[in-house]
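A structural walkthrough
This is what each chain is made of:
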Amino acid sequence: MKTASVRRASMDAMIAHAEREFPFECCGFIIGDASSEEARPITNIQNRKHETDPDGFPRDARTAFLMDPKEHLAVMNEIDRRKIELCSVYHSHPDHDAYFSATDRAQACSFDPSEPDYPDTFYLVLSIRSGRFARAAAFSWDSEKKEFVETPLSIE
């Protein structure tokens, strides 16, 4: 089984982002290569969508996230331009455990429900309890099971 590896600076940046956004979910990416890694927070527009279309977006940002598409695309373009990798997708679970929910899976497989959009990328979930970091868990795609499975997480 693969181990998800995250540098301490990236982990600290994700934790700070998640605690700052509490009681709402945060979201973002870790991008980089063998020599460097950067956390890239992305605006969670779930509250905005919920306010303008509560039937289409019944959950608010306390229990869901939706990445701002322009920011998402800008990071993907940067990855291509700099010839680096998308290392991880991350988000937080305010006052809930760090697990990969059915909604998380649906978002990770947005183009094809049977395959993730980024199959070689780790997905990180941060549990934030009462505004403070509690635990992080990593998940990766198991191509045989056709499911996300919890993966060992190493902080370097």
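Going by the structure above, here's the rest.
Residues numbered from 1 in each chain as written. Predicted model: local features only at pLDDT ≥ 70, side-chain atom pairs only at ≥ 80, totals over all residues. Heavy atoms only, no water.

1. Focus on the environment of Cys 109
Under the convention used in this document: Here a strand is any run of E in DSSP of at least two residues, a helix any run of H or I of at least four, and the numbering for each starts at the N terminus. By definition, residues are in contact when any of their heavy atoms lie within 4.5 Å.
For Cys 109, the location among the structural elements is in the loop between α4 (102-108) and β5 (122-129). The sequence separation of Cys 109 and Glu 38 amounts to 71 residues, and the corresponding C-alpha distance is 24 Å. Leaving out residues up to four positions away in the same chain, Cys 109 has contacts with Glu 115, Pro 116, Asp 117, Trp 141 and Phe 148.

2. Some details on the packing of aromatic side chains
Going by this rule: The pairing test for Phe, Tyr and Trp rings, Trp by its six-membered ring, is centres within 6.5 Å, and the orientation test on the planes gives stacked under 30 degrees, edge-to-face over 60, and tilted for anything in between. Think of it in three bands: with a 1.4 Å probe and only protein chains considered, a residue is buried below 20% of the maximum accessible area for its type, exposed above 50%, and partly exposed in between.
Evaluation of the coordinates by the stated rule reveals five aromatic pairs. With 4.5 Å between their ring centres and 40° between their planes, Phe 100 and Phe 148 make a pair best called tilted. Pair noted here: Phe 100 is in the loop between β4 (85-94) and α4 and Phe 148 is in strand β7 (residues 147-151), with a separation of 48 residues, a long-range link. Each member of the pair, Phe 100 as well as Phe 148, carries the same accessibility label: buried. For the pair Tyr 123 and Phe 148, a centre-to-centre distance of 5.1 Å together with 75° between the ring planes defines the contact as edge-to-face.

3. A word on the layout of surface pockets
Formally: Using a grid of 1 Å spacing that covers the protein atoms alone, one calls a set of points a cavity when a 1.4 Å probe fits there but cannot get out, and a pocket when the set is open and has protein on both sides within 12 Å along at least five of seven lines; lining residues are those with an atom within 4 Å of a point. Grid points are joined across faces, edges and corners, and a volume is the space filled by probe spheres set on the points. For this scheme, ten residues count as nonpolar: Ala, Val, Leu, Ile, Met, Phe, Trp, Tyr, Cys and Pro. Four count as charged, namely Asp, Glu, Lys and Arg, and the remainder, Gly too, count as polar.
In this structure, the largest pocket encloses a volume near 380 Å³. What lines the largest pocket is a set of 17 residues, among which Met 67, His 72, Gln 107, Ser 110 and Asp 117 lie closest to the centre. Among the residues making up the lining of the largest pocket, the classes are represented as eleven nonpolar, four polar and two charged. The volume enclosed by the second largest pocket comes to roughly 190 Å³. In terms of lining, the second largest pocket is formed by Ser 5, Arg 7, Asp 33, Ser 36, Glu 37, Glu 85, Leu 86, Cys 87, Ser 88, Asp 120, Phe 122 and Glu 156. It is β4 that provides the largest number of residues to the lining of the second largest pocket, a total of four residues. Taken together, the residues of the lining of the second largest pocket sort by class into three nonpolar, three polar and six charged.

4. Description of the side chain of Thr 121
Looking at the secondary structure, you find Thr 121 in the loop between α4 and β5. Since its relative accessible area comes to 6%, Thr 121 is described here as buried. Not counting chain neighbours up to four residues away, the residues in contact with Thr 121 comprise Leu 86, Cys 87, Ser 88, Val 89 and Phe 139.

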